[in-house]
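Understanding the architecture of this molecule
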Amino acid sequence: MKAMLSTAVGGPDTLELTEMPDPEPKKGQILVRVHAAGLNFPDTLMIRDMYQFKPPRPFAPGGEIAGEVLAVGEGVDNVASGDRILALTSHGGFATHAVIDAVRAVPIPDDMPYEDAACFIFTYGTSYYALKDRGYLGDGDTLLILGAAGGVGAAAIELGKAMGARVIGAVSSEEKAAFCREIGADDTLVYPRELDGRDAQKALSAEIKKVAGANGIDVAYDAVGGAYAEPVIRAMAWNGRFLVVGFPAGIPKIPANLTLLKSCQIVGVFWGAATMRDPAGHAANMRDLFALYADGKIKPRISASLPLAQAADALKLMEDRKVMGKVVLTME
Ligand SMILES: NC(=O)c1ccc[n+]([C@@H]2O[C@H](COP(=O)([O-])OP(=O)(O)OC[C@H]3O[C@@H](n4cnc5c(N)ncnc54)[C@H](OP(=O)(O)O)[C@@H]3O)[C@@H](O)[C@H]2O)c1
């Protein structure tokens, strides 16, 4: 097998394409021939030792895969050789083969291409859990998404529309705004690529209020953080829910009085932990998501598909904020 290994702490250029013996599944595990691996922002953090989980080196990054089961270990009865599956892997996905716990395998529909399957669970799982289980997004609510053209952001646009919301996509360029409208956003706004100082924050808040209208933002989905969070909270509606999803721009510090003034909530979203704490709820959400996919209401927007050997280029696209929708690695 081949794997793109992180052997030293650092950026994408530290990854090394390495030939290794094929692994064997142990009790409760399966061997998967990986066809595609989706990229997610945490992959960029993990290789720099900046993520909450730090796998021992050498390791291949790659938190979600889709492929075909090649062999099953002792005691596995939920999947069989030949099955087409997707799985969350935490890491190890940037490889031609992966051994995973069988319980992580999710069968995929026959007509779902491996590339779609490899870009499905992380973003749609996160955004559906965030909007439905943490934000209680309702029909007719106004939803604002920061980082709306990124992986989880684009998923939130499609899901927000499927759930009946009015969706405002906020992004750092006109090109990204056009992409958001193309995939369903009702309105867009463009924020500066760097948001420096109080005046810039005030201007952004004023613009959000203008686009939102008199009521303000019922649900905010923050996949960006940093200085961008506070202007959004200042534009929340009465009883609004501000969802804390990610911090590519840094961890924001919010004055607590802002929640009092709007009687609004700041709500944490930790989807990975939620899938472990509530497996039944996670399974029900996955069933909903496959149904939405079958109905054509959601579809991974893959803007770049690169071979495994170009994993570093793929990660750089993400670090440079160039990704719209998803980037996928293919193993063929
Ligand atoms: N809470 C959870 O359970 C959970 C689950 C999955 C992912 N996440 C988090 O969600 C965030 C987004 O993940 P993703 O996979 O969707 O990433 P992504 O595709 O790279 O999207 C992130 C977006 O953030 C914006 N951004 C602002 N400042 C940035 C910076 N300094 N560097 C990079 N991007 C920046 C970019 O949009 P603009 O250029 O338009 O600003 C970019 O499109 C990450 O922080 C990730 O860890 C959280």
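Here is what the cut-offs are and how they apply
- Residues numbered from 1 in each chain as written.
- Predicted model: local features only at pLDDT ≥ 70, side-chain atom pairs only at ≥ 80, totals over all residues.
- Helix = DSSP H or I, 4+ residues; strand = E, 2+ residues; numbered from the N terminus.
- Rg over C-alpha atoms; globule rule 2.2 N^0.38 Å.
- Expected span 1.5 Å × (residues − 1).
- Buried ≥ 20, exposed ≤ 12 C-beta atoms within 10 Å, placed from the backbone.
- Arc of directions from axis to C-beta.
- Contact = placed C-beta atoms within 7 Å.
- Near = placed C-beta within 6 Å.
- Nonpolar A, V, L, I, M, F, W, Y, C, P; charged D, E, K, R; others polar.
- Domains from an automatic or database assignment.
- Pairing = 2+ DSSP bridges.
- Right-handed = clockwise from strand over helix to strand, strands pointing away.
- Core = buried A, V, L, I, M, F, W, Y, C linked by C-beta atoms within 7 Å.

**Some thoughts on the overall build of the chain**
Per the secondary structure count, the chain includes eleven helices and 15 strands. By the compact-globule yardstick of 20 Å for 332 residues, the chain fits well, its C-alpha radius of gyration being 20 Å.

**Here we look at helix α10 (residues 279–294)**
Along its 16 residues, α10 runs 22 Å from first to last C-alpha, staying within 8% of the 22 Å computed at 1.5 Å per residue. Among the residues of α10, His 282, Asn 285, Leu 289 and Tyr 293 are the ones counted as buried. The buried residues of α10 occupy one face: seen down the axis, they fall within an arc of 80°. Residues Ala 280, Ala 283, Ala 284, Arg 287, Ala 291 and Ala 294 are exposed on α10 and point more than 90 degrees away from its buried face. Buried residues in α10 make contact with α3 (121–134) and α9 (271–277).

**Considerations on the site of the ligand**
Taken together, 27 residues sit near the ligand, with Phe 41, Gly 147, Gly 150, Gly 151 and Gly 246 positioned nearest. Of all the secondary structure elements, the ones that give two or more residues to the shell around the ligand are α1 (41–46), α4 (151–162) and α9. The leading source of residues in the shell around the ligand is α4, at three residues. Split into classes, the residues belonging to the shell around the ligand amount to 16 nonpolar, nine polar and two charged. In this structure, the shell around the ligand is formed jointly by two domains, domain 1 (2–120 + 300–330) and domain 2 (122–272), each of which donates at least three residues.

**Section: the domain arrangement of the chain**
By a widespread convention, an interface's size corresponds to the accessible area lost as its parts come together. The assigned domain composition of the chain is domain 1 (2–120 + 300–330) and domain 2 (122–272). For domain 1 and domain 2, the distance between their C-alpha centres works out to 29 Å. Taken residue by residue, the interface counts 14 residues in domain 1 and 13 residues in domain 2.

**Side note on unusual backbone geometry**
Along the chain, Arg 57 connects to Pro 58 via a cis peptide bond; the corresponding omega equals -5°. Among the structural elements, Pro 58 can be located in the loop between α1 and β4 (64–72). Even without glycine at this site, Ser 90 takes up a positive phi of about 70°. For Ser 90, a count of 19 C-beta atoms within 10 Å gives the class partly exposed. Of note in this structure, Arg 321 is not a glycine but carries a positive phi near 60°. Counting through the fold element by element, Arg 321 comes out in the loop between α11 (311–319) and β15 (326–330).

**Focus: the pairing of strand β10 (residues 187–190)**
Here strand β9 (residues 166–171) runs beside β10; their pairing, made up of four bridges, is parallel. In the strand pairing of β10, Val 171 is matched with Val 190. Viewed along the sheet, the connection from β9 through helix α5 (residues 174–182) into β10 turns out right-handed.

**A look at the nonpolar core**
In terms of nonpolar packing, the biggest core is built from 106 residues, with Tyr 221 and Val 232 touching the most fellow members. Counting residues per element, this core draws most heavily on α3, at seven residues. The residue makeup of this core includes at least three contributed by each of domain 1 (2–120 + 300–330) and domain 2 (122–272). Among residues more than four places away in sequence, those in contact with Val 232 are Leu 144, Leu 146, Ile 208, Ile 217, Ala 220, Asp 222 and Phe 242.

**What about helix α6 (residues 197–212)?**
The terminal C-alpha atoms of α6, which comprises 16 residues, lie 23 Å apart, in line with the 22 Å expected from a rise of 1.5 Å per residue. Buried within α6 are the following residues: Leu 204, Ile 208 and Ala 212. Buried residues of α6, seen end-on, are gathered within an arc of 65° and therefore sit on one face of the element. Opposite its buried face, α6 presents the exposed residues Arg 198, Asp 199 and Lys 210, each directed more than 90 degrees away. Along its buried surface, α6 packs onto β8 (142–146), β9, β10, β11 (217–222) and α7 (229–233). After α6 finishes, the residue Gly 213 shows a positive phi value of roughly 95°.

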